[in-house]
Amino acid sequence: MWQLMDGPFGAKIIDAVRGSNIRFRNKVMLGVGISMVAALLSGLNAMVNVRRVEASVNFSAMSASPLLIGVFSLSESYQKLQGIFDPVVKNCASLEDASRYLEQSQKSQYVKLVELHRFAGKAKASTELARYQFAGDKIFQTRRGLLDVCRASNQTKSSIDSAETSLHSSANLIVVEATMNIVMLEARLRKQHTGMTIVQGEADRAIALDRQTRETWDYLRDFYRLKILVTDLLTVGSLLHNTSSMFELERLRKAYWTKILAIEKNVAGLKRYFDAGSRQKEFEKLTFLTEETKRMSQTAPESLFNSQEQLFNNEMQKQSLVTRLQREQGQFFVALTNIMDVAQRVNRNAQLKTESDANIANWQIAIGVIIGAVLALLIGLFLKRAVTTPLEMLSDNISDVGLAKRGEANAVDADLLKRRDEIGDLANQFARTFAALSKARQELQEESRAAVALQRDRLHGAIENMPQGLYMLDRDGKIIIANRRLYELYNIDQGSELLGMQVADFIVLCRLRSAGIRRTVSEEALPDLTKKGVGYHTSQRVVELDDGRMMTMTVMQLPDGGHVVTHEDITERQTASAQIAHMALHDSLTDLANRTLFRSQIARHAASEGSSETALLFLDLDRFKIVNDTLGHPVGDALLVQVAHRLRTALADNCYAARLGGDEFAILQTGADQPQGAATLAAELIQRISQPFDVDGHHIIIGTSIGIAIAPRDGMDGDELCKNADLALYCAKQDGKGQFSFFEADMDRKVRDWHEMEHDLREAIAAHQFELHYQPLVSLRDDSTVGFEALLRWHHPRRGLVPPAEFIPVAEEAGLIHEIGTWILETACAFATKWPEQISVAVNISPLQLGNGQLPFTVASALSKSGLDAARLVLEITEGVFLNDSDQTVTALNQIRALGVHFAMDDFGTGYSSLSYIRQFPFKKIKIDQSFVRGMLENPESLAIIRAVTNLCQDLGMIATAEGVETPAQAQALKLLGCGLAQGYYFGRPMPAAETFRLFRHDNRLVG
């Protein structure tokens, strides 16, 4: 083209333009047109760049930020669901409400996820969001599984209750059937005994029984055995509730299966009895009830044992699901962290892209302006060359416009703008073009500043709402960022300005606010973080502030030399840890030290050099088992708390108390003269604990026995001291309880003797080594024998005749008193039937026999087996029965009295508040203790007490009975005082059963 213009044709065109006014006007229009096209292209370029920046800003505002906000919203919804759902699963309650809430929550999250998928697609975060949704769906599925397991557990518990009710119903019907047949058989026996023949001259008055009588006794025994087995079966429910493992359940199942088989065998053995009476329907009914009992306890799918096994399986499944839920929650939070990181990264990329597009737009607009200016300059030069002198002014103004394009003020001359010819139009077009460019650039800058401000506000909001305090330091140690939580943690007024403050001045300010660092608890370096090849060095230390709070400070060094420091208040966390440590070393009931802490205290003191003598006291509460058995474990626990309180109030600063378990306590005494200090302390403790307790309206009296070991005399290490103190405690309990005993070298032998006697007692029960002797009870009115008191004797194969005072405490401590007491009752009642009908028999009852609530059944069984009239049986109880003020004890006594049995208060006057006991329960006899009788003729006080008791009995309609009468003078004095009955060596010593018959054939008074 340039070659064409340089040729003849180009020269003609140039000459034509120079020589014609019209050609000049066209050329001017051509130049103006070219300039307008250049300006239009520049404007379009600016608009394109503005739209590009707008798209970047919109992407950040409409995709990345909503995605981040939506993820936070989902996280809050999940945490709320977890707070509501976890207690429901733990207690398996309100399952339907929880299920509905779970479905609603999943639907709500699904709606939110649908919206978030749209944002995630734009932000290229669909993969991370899909992982987040997959983790959430698994958690919902696991929670539904937990609800199903809870429903199954509740249904299984209902099956257990139903099976237990059916079992009790069937068993009670069997007991009723057995009881009815027992009554019929006992009536048959009494009828058969009418023709009984007595063989004269035989000491045991043997009874001749025919074949029919023996069969009746066999049937009666079978029905009693059936009743006992079925009654024992009723306890399976309570035992199942206390099982804690599958092994215990299987062991219990085998034990009760044996009892079921025994019941079936017993019922099968009674078929001949029902066949003999043509009572097959009753036998079929009994067989059906037995099978129903077997089915509801063992064989049926919904039986007690099968349901309990299913309940254990449900609990194991529940634990498995909980473990899986915890694992899935960890995956959920990992997915949540990933999607949040992606959203934040997309947000940052959008901001960077906005800034990049803005810079590109600036450069392109600048280049367009430059190109336009150059083009206008060329056109101006061309017109100057082609136009005559009148147009020089326009050429100069165009040059001025070119200067204005480079950013100078007044881009177009005002005179040119006023012109109405082509040059004026061109000037106005330039003016409008540059105005549009200036406005577009200003709008672009304002939108960029708004986007940057939005991101800055979001960052500020995140920092201000952090649960930790935060400040950022520049390389010079000045604070450049500080959030609101930092002010709160260090008690700084919000009006105080921290920005620009040196960190040293900040430390001084904290001290002025009582929040300075008192001490550094720990300090450690954390693993360095690396991001995009840049290392961030981090350290952490735990400090204690002046106001007692604990604070964790995490310091991160930035690559530019600055630091970011976060502050977290961990006081509550530290307090909780201390509380857990306290609970691990202290008894949860009494808050005393437990065995572990107490043993460490003993070891620490024993290891200290130059320590003085130390006393170790072991305490065991007397009669505490009766409290638990009669009043229940809640009352027993409350009593232990009060005992611990009395121990604290009684101990000085040099004593350290602990509860070792059950009703056992221990005290370590240091810094006192021994053994006087331990003896004084033990006596005071016994006196304090023996005082009555008031627990939930119950008036309870207990005692304590104490064993003492002195270090280093009785041992150097803790194990040896504890063993010796325990031996001393055993000896104190053997000596009668309610006292203390120091360790002695031969105590080990005494304890071995105690355990040996316990072993011999068990063998004696199996080998029938016990025997009853009977001491006569005489009426002082006519010296006639009116009854006997049954006294237990033990013929030991090696020890000989063992006194009851030696073995009865061992039997009570070992829990054998119930079995021995049952044997005494049955034997005494059976033998009393051989005496004349007006002769009664008295049996002593231990307070422990009333503890398990079975004594009324034992007495009824003994009377039923022997056929003895209940009015001939007298049960002698001591005041110790009423020490715990138990409604259960009074109820049991009233049940026995309803049978027709009489009661006597034994050892009256030697215990506690006896008058209240007489008022509380109607006794037939009051037995005056022999300690008053023996000294009555020499001691006026004893005589006055006997007279007062005798008068009291006469006023209350009771019979006064004197024990320990040994001389005729004592008997005569008691008779004059109005005492009704007496017993003692003067009337007769305890004698074997066969010798009692001679009292009915000879003179009633027997001098032994």
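As shown above, the structure is provided for reference.
Residues numbered from 1 in each chain as written. Predicted model: local features only at pLDDT ≥ 70, side-chain atom pairs only at ≥ 80, totals over all residues. Heavy atoms only, no water.

Colleague: Quick rundown of unusual backbone geometry? Include the residues and the values.
Modeller: That bond from Q674 to P675 is cis: its omega, 10°, falls within 30 degrees of zero. Among the secondary structure elements, P675 is positioned in the loop between β9 (664-669) and α21 (676-689). In the segment running from A711 into P712, the intervening peptide bond is cis, with an omega of 5°. Along the chain, P712 falls in the loop between β12 (703-711) and α22 (718-734). Here the phi dihedral of D591 falls at roughly 65°; this positive angle occurs in a residue that is not glycine. Structurally, D591 can be placed in the loop between α17 (571-585) and α18 (595-607). Relative accessible area serves as the criterion here: at 46%, D591 is assigned to the partly exposed category. (Helix = DSSP H or I, 4+ residues; strand = E, 2+ residues; numbered from the N terminus. Buried < 20%, exposed > 50% of the residue type's maximum accessible area, 1.4 Å probe, protein only.)

Colleague: Describe helix α30 (residues 940-956), and please don't skip the residues or the numbers.
Modeller: Spanning 17 residues, α30 covers 24 Å between terminal C-alpha atoms, matching the ideal 24 Å at 1.5 Å per step. What α30 keeps buried is the set S942, I946, V949, T950 and C953. Looking down the long axis of α30, one finds its buried residues gathered within 100° of arc, a one-sided arrangement. Along α30, exposed side chains directed more than 90 degrees from the buried face belong to P940, E941 and D955. Buried residues along α30 sit in contact with β19 (902-908), β20 (925-928), α29 (930-934), β21 (959-962) and α31 (968-977). One or two residues past the end of α30 sits G957, with phi positive at roughly 75°. (Expected span 1.5 Å × (residues − 1). Arc of directions from axis to C-beta. Contact = heavy atoms within 4.5 Å.)

Colleague: Which residues make up the side chain of Q674, and what values go with them?
Modeller: Inspection of the secondary structure assignment puts Q674 in the loop between β9 and α21. Of note is the side chain of Q674, whose polar atom sits 3.0 Å from the side chain of Q669. Within polar-contact distance, the side chain of Q674 engages the backbone nitrogen of A678 at 3.0 Å. Among all residues touching Q674, those that are not within four sequence positions of it are E613, A615, Q669 and I710. (Polar contact = N/O pair within 3.5 Å; in protein donor to acceptor, adjacent residues only side chain to side chain.)

Colleague: Can you tell me about the packing of aromatic side chains, naming the residues and giving the values?
Modeller: One pair of aromatic rings is described through two measures. These are the centre distance and the angle between the planes. Counted by the stated rule, this structure contains 19 aromatic pairs. Their ring planes at 75° and their centres at 5.2 Å tell us that Y273 and F274 sit as a pair that is edge-to-face. For Y273, a relative accessible area of 4% puts it in the buried group. Looking at F274, the relative accessible area reads 1%, which means it is buried. A centroid spacing of 6.0 Å and a plane angle of 85° characterise the contact between F740 and F742, whose relative ring orientation is edge-to-face. Counting every residue linked through ring pairs, the aromatic cluster contains Y219, F223, Y273, F274 and F283. In this structure, R646 packs its charged tip against the face of F693, placed 3.5 Å from the ring centre. The side chain of K865 reaches across the aromatic face of Y224, ending 5.8 Å from its centre. (Phe/Tyr/Trp six-rings, centres within 6.5 Å; stacked < 30°, edge-to-face > 60°. Lys NZ or Arg CZ within 6 Å of the ring centre and 35° of its normal.)

Colleague: Can you explain the nonpolar core? Please cite residues and give values.
Modeller: Ranked by internal contacts, the top residues of the largest apolar core, which has 77 residues, are Y774, L873 and L875. Tallying contributions element by element places helix α25 (residues 817-832) first for this core, with 7 residues. Not counting residues up to four positions away in its chain, the partners in contact with L875 are L825, V843, I845, V859, I896, V901, H902, F903 and A904. Listed in part, the 36 residues of the second largest apolar core include V230, L233, Y256 and F305. (Core = buried A, V, L, I, M, F, W, Y, C linked by side-chain atoms within 4.5 Å.)

Colleague: So what's going on with a nonpolar patch on the surface? Residues and values would help.
Modeller: Together, V37, L40, L41, L44 and M47 make up a nonpolar patch on the protein surface, roughly 510 Å² of accessible area in all. Inspection of the secondary structure puts L40 in helix α3 (residues 21-91). Residue classification places L40 among the exposed positions, given a relative accessible area of 55%. (Patch = residues over 30% accessible without salt bridge, like charges linked within 9 Å, V, L, I, M, F, W, Y side chains within 5 Å. Areas by Shrake-Rupley, 256 points an atom, 1.4 Å probe, with all protein chains shown as cover. Salt bridge = Lys/Arg side-chain N within 4 Å of Asp/Glu carboxyl O.)

Colleague: With reference to specific residues and values, describe the packing of helix α19 (residues 624-631) against helix α20 (residues 633-650).
Modeller: A pair of packed helices is captured by two measures, namely the crossing angle of their axes and the spacing between those axes. At a minimum axis separation of 7 Å, α19 and α20 run at an interaxial angle of 140°. The residues of α20 that touch α19, namely those facing F624, V627, N628 and L631, are H633, V635, G636, L639 and L640. (Axes fitted to C-alpha atoms, helices over the stretch in contact; angles between N-to-C directions.)

Colleague: Break down the sheet that holds strand β8 (residues 655-661) for me, citing the residues and quoting the values.
Modeller: Strand order in the open sheet formed by 5 strands is β8-β9-β7-β12-β13, and the pairing between neighbours is mixed. Whereas interior strands pair on both sides, the edge strands pair on one side only; in this sheet they are β8 and β13 (740-742). Adjacent strand axes in the sheet meet at a mean angle of 20° when their direction is disregarded. Looking at chain direction, strand β7 (residues 614-622) and β9 are connected through 6 bridges and run antiparallel. What sits directly across from L617, in β9, is I667. Contacting β7, β8, β9, β12 and β13, α21 runs over the sheet at an angle of about 165° to β12. (Pairing = 2+ DSSP bridges.)

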